[in-house]
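Structural overview
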Amino acid sequence: MNVIQATATAVLSLGLLAVVSLMARRIVVSNAEIKRRSAEQQLQPLALALVSGEPVDDVPGDPSGQQVLAAMLTRYARQVSGESREHLIEFFEQHGAVAVQLDQLKSKQAWRRATAAYALGDMRSPQARSALEHALDDRDVSVRFAAARSLGRVGDQRSALELLRAYEDGRLVVSVCGEALIQLGVIALPAVSVAASSETVTVRRLALQLLGQLAGPSEWPLLAKSLTDPSADCRAAACVALGELGDDRATRLLAQSTHDRIPKVRASAAEALGRLGDPSQLDALLTLLSSDFDTARAAAVAAARLDPERVVQLASLHSNPHLREQADRLKGQA
Amino acid sequence: MSDGQRILLADDDPDIRALVRYRLQKAGYEVIDAGDGQTALTLAQEHHPDLAVLDVMMPGMDGFQVTAALRADSKTASIPVILLTARVHAADVERGFAAGADDYIRKPFSPQELLLRVQRAVGRR
């Protein structure tokens, strides 16, 4: 009995201790949050003046005030562009905020390195480029991903090649690398164009996908050549990219690709023809309605883009499910 | 220059509200703001602002819906609307104009450009 009572008392005491420590922890966290909010409220006029590039002379000297101000300005930096962004970059560089994060990037704790890599992207300082490119080699995946995202925001052309290399050797996944390169924008084009001829299929495919979003008419020959790539994934990506590019010189080549031996390529070519909007391709697309499921559906979607009225009319005469689906959709929009 | 003209600002992000409000108030505008579409619509009906700057993606009513509701009410139909949006696809822009918006600004936005567009829209009234 005594043993049972003693055990119950011990369990109860431990439970109470856990509850008390959780409550204490909560109070500490709440107090810290209240202090942070109060400091933010005090510093907000200063932060807003800095965003506007107004002269200020009362930047806080204490580390905690500087930390709150830097965090607030980092948030603002995500929202603004133009002159305001330039004012903020100048502030981050001159007041040591960039230096603090570069130092944190050397921390032993991965979460600190990842947080610093992320913050450096919001600060967009060119001073961070080299360290962020180095962070693409970090042993922790979250640091590498944060560094890639930030390199896209810092916006230096040289980073495009580093990002593609990191994807090629498996340090980055396709979505993270692609997003960073899109963020870099047209300045990434030279590196992306070279990558479209890479020996690695996955790199070629990513480059072709990106060309659809970043390229101009001058990249047309590169995409046209990729329609005969040995990899079906790359041929399909080239079809989609040509559709996004919107250059009607691609129409004839895409029409040929609707007869590719791989269904995915045929479907991508049909979809791209719909985007290009040449009505003379309508009959060719309609002949694809009896092809495999994906191609037939893509052809129906493309046909509905080219001539919605005819698709509705044909759907009433034929029992093709893909035409009917598009006709129902078009009627629903009307 | 702005003669105390009144601007309605609606965005669910308090940072954006602070940034826009600061810039417009500095230029002499009176700013009333809301964190959601329904409140924005109520404020527009009560205060008859000279211009509305509306975020597109807001909880409840989005910016397109608020714009359409403003246009549907004869008391608010003439209020110029600028959409502030991260949605930059052509279809979204077209949808905004179809709902009755007069202009749109892409996020992240330049506060300087926003002020110029506000001045131009208010000046056209």
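Structure: above.
Residues numbered from 1 in each chain as written. Chains lettered and ligands numbered in written order. Predicted model: local features only at pLDDT ≥ 70, side-chain atom pairs only at ≥ 80, totals over all residues. Heavy atoms only, no water.

1. What about the side chain of A:H322?
Residues and elements named next belong to chain A. Heads up, the rule is: Helix and strand labels come from DSSP, where a helix needs a run of H or I of at least four residues and a strand needs a run of E of at least two; each type is numbered from the N terminus. For each residue, the accessible area found with a 1.4 Å probe, counting protein chains only, is set against the maximum for its type, and the residue is called buried under 20%, exposed over 50%, and partly exposed in between. Throughout, a residue-residue contact means that at least one pair of heavy atoms, one from each residue, lies within 4.5 Å.
Mapped onto the fold, H322 is located in helix α19 (residues 321-333). Residue classification places H322 among the buried positions, given a relative accessible area of 8%. Those residues in contact with H322 that lie beyond four places of it in its chain are L289, F293, A296, R297 and A300.

2. A closer look at empty space enclosed by the protein
To locate leftover empty space, one rolls a probe as large as a water molecule over the atoms. Here is the rule: Space inside and on the surface of the protein is sampled on a 1 Å grid over the protein atoms alone, with a cavity defined as a set of points where a 1.4 Å probe fits but cannot get out and a pocket as an open set with protein on both sides within 12 Å along at least 5 of 7 lines; lining residues have an atom within 4 Å of a point. Grid points are joined across faces, edges and corners, and a volume is the space filled by probe spheres set on the points. Side-chain classes are defined by residue name, with Ala, Val, Leu, Ile, Met, Phe, Trp, Tyr, Cys and Pro counting as nonpolar, Asp, Glu, Lys and Arg as charged, and the others, Gly among them, as polar.
Throughout the structure, instances matching the rule amount to two cavities of 30 Å³ or more. Considered as a void within the structure, the largest cavity measures approximately 50 Å³ in volume. Of all the secondary-structure elements, those providing two or more residues to the lining of the largest cavity are β4 (81-85) and α4 (90-99) of chain B. By residue class, the composition of the lining of the largest cavity is seven nonpolar, two polar and two charged. By volume, the second largest cavity amounts to about 40 Å³. Considering the residues around the second largest cavity, the lining is formed by A:L48, A:V51, A:S52, B:L19, B:Y22, B:R23 and B:P111. Those elements giving two or more residues to the lining of the second largest cavity turn out to be α1 (2-51) of chain A together with α1 (14-26) of chain B.

3. Topic: the interface of chain B and chain A
How big an interface is tends to be expressed through the accessible area that disappears when the partners come together. Basically, it comes down to this: Take the accessible area each of two parts loses on contact, using a 1.4 Å probe, and add the two losses: that sum is the buried area. What makes a salt bridge here is a side-chain nitrogen of Lys or Arg within 4 Å of a carboxyl oxygen of Asp or Glu, nothing more.
Counting residues at the interface gives 13 residues for chain B, matched by 17 residues for chain A. With both chains or domains summed, chain B and chain A bury close to 1,300 Å², and 52% of this area falls on carbon and sulfur atoms. When the buried area of chain B at its contact with chain A is split by residue, B:D15, B:L19 and B:Y22 rank highest and sum to 41% of it. Our count for the chain B to chain A interface comes out at two salt bridges. When contributions to the side of chain B that touches chain A are tallied by element, the ones reaching two or more residues are α1 and α5 (111-124) of chain B. The dominant element in the side of chain B that touches chain A, judged by the number of residues it contributes, is α1(B), at seven residues.

4. Considering the nonpolar core
Note the cut-off: Here, nonpolar core refers to any group of buried Ala, Val, Leu, Ile, Met, Phe, Trp, Tyr and Cys residues whose side-chain atoms link them within 4.5 Å.
Membership of the largest hydrophobic core comes to 125 residues, with the highest contact counts inside it found for A:L73, A:L163, A:L254 and B:V118. With nine residues, helix α13 (residues 232-245) of chain A is the single largest residue contributor to this core. In terms of nonpolar packing, the next biggest core, distinct from the first, is built from 20 residues, B:A44, B:L54, B:M58 and B:V66 among them.

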